Amino acid sequence: MPIQVTTGSREYFPGIGKIKYEGADSDNPLAFKYYDENRVIAGKSMKDHFRFAIAYWHSFCGNGGDPFGPAGTIDLPWDEASDPMQSARDKLDAAFEFITKLGAGFYCFHDRDIAPAGSTAAESEKNLKTLVELAKKKQAASGVNLLWGTANVFTHARYMNGAATNPDFHVIPQVAAQVKAAIDATIELGGDNYVFWGGREGYYSLLNTDMKRELDHLGMFLQKARDYGRKAGFKGTFLIEPKPMEPTKHQYDFDSATVIGFLNKYGLQDDFKINIENNHATLAGHSFAHEVQTACDAGLLGSLDVNQGDPHNGWDTDEFMHDLHECTSLMLVLLQNGGIGKGGMNFDAKRRRSSTDAEDLFIAHISSMDSLARGLIIADNVLQKSNYLKMKKERYASYDSGNGKAFESGKLDLETLAKMADEIGEPKQISGKQELYEAILNQYIR
Ligand code: XUL
Ligand code: CO
């Protein structure tokens, strides 16, 4: 069903209605210029290509605070009630008003984003259940779905030495209580995925760290979480979100390649996939496209956290993704690899500390949705109209027949190959044509 605007008793974004598609010539900052949800590209509607999701933590909990000004700059009118449960209900109203006015089909949350912690694990779970029941009604009224849920097992002081990788076993039951309740919440809300981002799963100093034991504990914990989820009826995909550093110096889920090895080592590869975030890729010294391609090649692409960082500094700045070149490179990989499936594109991004108008939250998302839509259109043009695919195929043509094909299928041993060296002789030089590929891409970015 089309998304229905769903407000609570108070309207938090007055004066802003449902965001419409007005086309590339529109000057309206509160309209889509490229994202036209029903437009079909490469056999699929834009809505299905992206499955856009709103990140609860940035958009409804983030106040623009930073280490030099933790009090923040951005008004959160839904966070004024003195009772934290009332505040959580108000936040839910604001969230669904925003999500439905924007027309995004999905949202994502941490347990602590939607409900406050109580003084015991049981009380925290009770709070979460109360908010989940309300969220379920909002979902039914609006047609918005949950892309993924997760547990915040990194903010509380008890997790300072790690969550599932904590050297002290007494922390593990706390992690289990949170993860179990968050999996239950995700099932209750029909979430398509459940995410593990290992914020504190890593270390600062090898001097006090038994890395092997910590990783074994992480593998064991995830197996138990998977087993519980399946027993409780979770049919979706578990996702690990890689990040190489921050907050810890060395995070265990460094990048896609590291996570692929980890999943295979601990027997998790059939239930888990990867949630890739652009800014995390940058921190790992990779491009988003590289990380996505790596996961696709392993059959483990799960979902995406779309944002961008600054390649010149080493921080996770979580800016809204608007770099057209990066959007195009990403969509080129996705179009060639069958798309995003039951994953989506979650805006793990925050407006800048100085973007303080309520409409800035809309503008930030609209700009990013338009940039990705434009990337999709450009990438599709490159694939349909240019020589790109043909050139790439021809580069590997020597493996399509004869000895190349025999090698690829494992029929040539090393001695036979070695003998061919003089029979075949020095290979002729074949240009890699990188600049031509770059020129083709830029030719279509218009
Ligand atoms: C932190 C980050 C998280 C995860 C969910 O860098 O990306 O918000 O996406 O825990
Ligand atoms: Co993220």
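Q: It is not clear to me how the side chain of N193 should be interpreted in this structure. Could you clarify?
A: Here N193 is to be found in strand β8 (residues 193-197). N193 gets classed as buried once you look at its relative accessible area, which sits at 1%. Side-chain polar atoms of N193 contact the backbone oxygen of K342, separated by 3.0 Å. Not counting residues within four places of it along the chain, the set of residues in contact with N193 comprises L147, W148, G149, T186, F234, T237, L239, K342 and G343.

Q: Got a minute to help me understand the domain arrangement of the protein in this structure?
A: Frequently, the measure chosen for interface size is the accessible area that the parts lose on association. Along its sequence, the protein is carved into domain 1 (20-385) and domain 2 (389-444). Measuring from the centre of the C-alpha atoms in domain 1 to the corresponding centre in domain 2 gives 39 Å. Taken together, the contact pairs 10 residues of domain 1 with 6 residues of domain 2. Overall, the association of domain 1 and domain 2 removes approximately 700 Å² of surface from exposure, summing both partners, and the carbon and sulfur fraction of that is 67%. If you sort the residues of domain 1 by the area they bury against domain 2, H325, Q336 and V382 come out on top, with a joint share of 47%. Between the two partners, domain 1 and domain 2, sit 0 salt bridges. At the surface where domain 1 touches domain 2, the tally comes to 2 residue pairs in polar contact (both at pLDDT 80 or more). Going through the elements one at a time, α11 (324-336) and α12 (358-385) are the ones with two or more residues in the side of domain 1 that touches domain 2.

Q: What's the story with the coordination of the cobalt ion (ligand 2) in this structure? I'm lost.
A: When four donors bind a metal tetrahedrally, each ideal donor-metal-donor angle is 109.5 degrees, and when six bind octahedrally, the ideal angles are 90 or 180 degrees. Only E241 (OE), E277 (OE), D305 (OD) and D348 (OD) from the protein coordinate the cobalt ion (ligand 2), and they sit 1.9 to 2.1 Å from it. Of note is the cobalt ion (ligand 2), whose 6 donor atoms meet at the metal with angles of 80 to 171° in an arrangement that counts as octahedral. In primary-sequence terms, the residues that donate to the cobalt ion (ligand 2) follow E-x35-E-x27-D-x42-D. Of this pair, E241 sits in strand β10 (residues 237-241) while D348 is found in the loop between β14 (345-347) and α12, placing the two residues 107 residues apart along the sequence. The pair E241 / D348 is uniform in exposure class, with both members buried.

Q: Even after reading the chapter, I still don't get the nonpolar core, so can you show me in this structure?
A: Buried together is how nonpolar side chains tend to be arranged in soluble globular proteins. Membership of the largest hydrophobic core comes to 119 residues, with the highest contact counts inside it found for L304 and M345. Looking at this core, the element that brings in the most residues is α12, giving 13 residues. Excluding residues that lie within four positions of it along the chain, M345 makes contacts with F50, R51, F52, A53, L147, L304, V306, L330, M331, L334, I340 and L372.

Q: Could you clarify how one ought to interpret the pairing of β8 in this entry?
A: Across a regular strand the side chains alternate sides, sitting on one face of the sheet and then on the other. Burial analysis of β8 places 5 of its 5 residues in the buried class, the great majority of the element. Every second residue of β8 is oriented toward a common face, with N193, V195 and W197 on one face and Y194 and F196 on the other, all of them buried. By the bridge criterion, 3 bridges tie strand β7 (residues 145-150) to β8 in an arrangement that is parallel. If you follow W148 over to β8, its bridge partner there is N193. What joins β7 to β8 is helix α6 (residues 172-188), and the crossover it makes is right-handed. Sheet topology places β8 next to β10; 5 bridges connect them, and they run parallel.

Conventions adopted
- Residues numbered from 1 in each chain as written.
- Chains lettered and ligands numbered in written order.
- Predicted model: local features only at pLDDT ≥ 70, side-chain atom pairs only at ≥ 80, totals over all residues.
- Heavy atoms only, no water.
- Helix = DSSP H or I, 4+ residues; strand = E, 2+ residues; numbered from the N terminus.
- Buried < 20%, exposed > 50% of the residue type's maximum accessible area, 1.4 Å probe, protein only.
- Polar contact = N/O pair within 3.5 Å; in protein donor to acceptor, adjacent residues only side chain to side chain.
- Contact = heavy atoms within 4.5 Å.
- Domains from an automatic or database assignment.
- Buried area = accessible area lost by both parts, 1.4 Å probe.
- Salt bridge = Lys/Arg side-chain N within 4 Å of Asp/Glu carboxyl O.
- Donors = N, O, S within 2.8 Å, 3.2 Å for Na, K, Ca; no water.
- Tetrahedral: all angles 85-135°; square planar, octahedral: opposite > 155°, others 65-115°.
- Core = buried A, V, L, I, M, F, W, Y, C linked by side-chain atoms within 4.5 Å.
- Pairing = 2+ DSSP bridges.
- Right-handed = clockwise from strand over helix to strand, strands pointing away.

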